[in-house]
Amino acid sequence: MPVQRYDAIIIGAGMSGMYQLHRLREFGMSVRVFEAGGDVGGTWYWNRYPGARFDSESWSYGYSFSPEVLKEWEWSENFAAQPETLGYLNYIADKFALRRDIQFDTRVLRASYDEAAAEWEVELSDGGRARARFLITALGPLSVPTMPSIDGVDSFRGESFHTGTWPHHPVSFEGKRVAVIGTGATGVQTIQEVAKTAAHLTVFQRRPNWCAPLLNSPIDAEGQRQIKARYPEIFAACRDSHGSFIHKADPRKALDLSPAEREAFWEKLYGEPGFGIWMGNFRDVLSNQEANDLLTDFIAKKIRARVKDPALAEKLIPKDHGFGTRRVPLETKYYEVYNQPNVTLVDLGETPIERITPTGIKTAAAELPFDMIIYATGFDAVIGGFNKLDIRGAGGRSLEEKWAEGPRTYLGLQVAGFPNMLTLVGPHNAATFCNIPRCIEQNVDWVTGLIGYMRQHNYTTVVPSSAAEDAWTAHVMETGERMLFTKVDSWFMGINSNIPGRQKRTFLLYAGGAPAYRERCDEVAAKGYEGFVFTEGTRAAA
Ligand code: NA7
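Asker: For this particular structure, what's the right way to read the side chain of serine 58?
Answerer: Structurally, the position occupied by serine 58 is in helix α3 (residues 58-61). With relative accessibility at 0%, the residue serine 58 sits in the buried group. There is a polar contact of 2.9 Å between the side chain of serine 58 and the backbone nitrogen of alanine 80. Apart from the residues within four sequence positions on either side, serine 58 is in contact with Trp75, Glu77, Asn78, Phe79 and Ala80.

Asker: How do you make sense of the nonpolar core when you look at a structure like this?
Answerer: Soluble, globular proteins show a tendency: their nonpolar side chains are buried together. Residues Tyr88, Leu411 and Trp446 are the most contacted members of the largest nonpolar core, which totals 166 residues. The element that contributes the greatest number of residues to this core is helix α15 (residues 436-456), accounting for 10 residues. Ignoring anything within four residues of it in the chain, the contact list for tryptophan 446 reads Leu411, Leu413, Cys521, Asp522, Val524, Ala525, Tyr529 and Phe532. Ile150, Phe204, Ile361 and Tyr375 belong to the second largest nonpolar core, which has 14 residues in total.

Asker: Can you help me understand empty space enclosed by the protein in this one?
Answerer: It is the rolling of a water-molecule-sized probe over the atoms that shows where space remains empty. For the structure shown, the criterion picks out 2 cavities of 30 Å³ or more. The calculated volume of the largest cavity comes to roughly 60 Å³. If you trace the largest cavity, you find it lined by Ser58, Trp59, Gly62, Tyr63, Val69, Leu70, Trp73, Trp75, Tyr88, Tyr231 and Phe235. Residue assignment for the lining of the largest cavity shows that the elements contributing at least two residues are α3, α4 (67-72) and α7 (221-240). Classifying every residue of the lining of the largest cavity by side-chain character gives 9 nonpolar, 2 polar and no charged. By volume, the second largest cavity is sized at about 30 Å³. Lining the second largest cavity are Thr183, Val188, Gln205, Pro208, Asn209, Cys211, Leu316 and Tyr334. Each residue belonging to the lining of the second largest cavity can be placed in one class, and the counts come to 5 nonpolar, 3 polar and no charged.

Asker: Looking at this structure, I do not really get the site of the ligand. What am I missing?
Answerer: As a matter of local geometry, the ligand sits amid 20 residues, with Thr183, Thr186, Arg206, Arg326 and Asn498 nearest to it. Contact between the ligand and threonine 186: an oxygen atom at 2.6 Å from a side-chain N or O atom of the residue. With respect to the ligand, the side chain of tryptophan 491 contributes an N or O atom lying 3.1 Å from an oxygen atom. Surface burial for the ligand is 84%, taken as the share of its 780 Å² of free accessible area covered by protein chains. Of the residues in the shell around the ligand, the class split is 8 nonpolar, 8 polar and 4 charged.

What counts as what
- Residues numbered from 1 in each chain as written.
- Predicted model: local features only at pLDDT ≥ 70, side-chain atom pairs only at ≥ 80, totals over all residues.
- Heavy atoms only, no water.
- Helix = DSSP H or I, 4+ residues; strand = E, 2+ residues; numbered from the N terminus.
- Buried < 20%, exposed > 50% of the residue type's maximum accessible area, 1.4 Å probe, protein only.
- Polar contact = N/O pair within 3.5 Å; in protein donor to acceptor, adjacent residues only side chain to side chain.
- Contact = heavy atoms within 4.5 Å.
- Core = buried A, V, L, I, M, F, W, Y, C linked by side-chain atoms within 4.5 Å.
- 1 Å grid on protein atoms, 1.4 Å probe; cavity = no way out; pocket = protein on both sides within 12 Å on 5 of 7 lines; lining within 4 Å.
- Points joined across faces, edges and corners; volume = space filled by probe spheres on them.
- Nonpolar A, V, L, I, M, F, W, Y, C, P; charged D, E, K, R; others polar.
- Near = heavy atom within 4 Å.
- Areas by Shrake-Rupley, 256 points an atom, 1.4 Å probe, with all protein chains shown as cover.

Laid out in structure tokens, this is it:
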């Protein structure tokens, strides 16, 4: 097969890859997107599990770049379900005729930098190869599902699915004995849905998470009108908030208030939709242990009030971390599910799983028969997609080896030694801890600006200096240190019990907040891309 040649290769046709393709077309560049899935959508293409939906307000989640899209598209609910989001991304792909530049069902297996030609070459799962000056990774931070490292997983003879690779055909739970392993944000959404129809649902919980009410609702015609009128205000509010959600931290400190004042505020937040209780709380609750303990006690009381069996309630209350220090799953009657006669909780702390058998799951206490096992066991987060790719930079250096002790980047967008590779939503980038499309737009607009600048100046390559990379990495660690979530095991910290070597904490996100991150990116650009090194001239690039 002849080598295909482009100006830029984008890996992934999810929200970031789609928008990057759209923006690079402005330069008249030839761009090719390679996508492992059969269509656009990324996360929303793969995660079709029952109950999958936004925890972001729908109208704060969509792209903001097109006034026409904002006028045309209407979300049916304040927190839309996965089929609607996938429908939205299909509508975007149609509207901007994106598919003609996307090659589906094609996984990039390897990417290597050819220094002499100043080009990237990728090897594709269809046996083809492609070359381009720019390599833009749009891999998604949660795109490599991980199965549990439990003996016998392959031996089960019933139906079994990982939530992140859910089948396209309808799956019925009716009359079935279903097991769900995992109680993260995904497990919680799945459990609520499966409990409605399964003959019996058994939840295998290793560690509970702190969940809070989603309080979803439909959007009526008047609501649609108001949302459309308020879009500029909505996006301005997101721009201004730490995580780009419409929920902005309250400037007061919990510890400065009386218990009655605190409780009243928390009651209000607990009764409101979305992430307000996490992102819109007092400004010290995620950084000060004493403040966090008070909030944690408040949420524990709520759980005790909602679960009828007190012993069961205690099992559902996390004891190893405070509220908000891991990803908060938003729920719709999740705790009430455990009051149903067809639902059982197995606490793996008391009775660990010994193995999966051909007919079910054997714990330390019993052998339980199942018709279906659902693995909601999470992802090789943030760096998993990069490691899977086998990326080789200048001098053949492996990115996985470079990141063996944790990621090192400049602005979470580029890596020293990997010229012209740009990492959308990469590690140490604010987009990883964000109402993600808001930060995706910032990332893509910034990368587009950089490429435009290079074209203007006839620059062939861009790469960060080691000093810039060192300084950014130190800054990421320093901002992380202030937050309680860096003291707790979670995927934020690169912990994955199912992957050898991933038991040591290394901070994968950026905790300085989206506004500060955007300011820093803008400042770097305004100073002629300070910290980046360019080479001039036209080499044999596409
Ligand atoms: P998470 O948040 O990583 O949750 C995975 C869950 O699976 C969690 O409860 C784990 O328990 C559990 N798990 C993982 N491996 C095992 C084994 N071997 N045995 C038992 N239980 C296990 O992934 P999600 O998909 O829920 O959410 C990922 C993100 O997607 C989420 O934050 C949203 O932003 C969207 P643990 O807590 O590690 O003890």
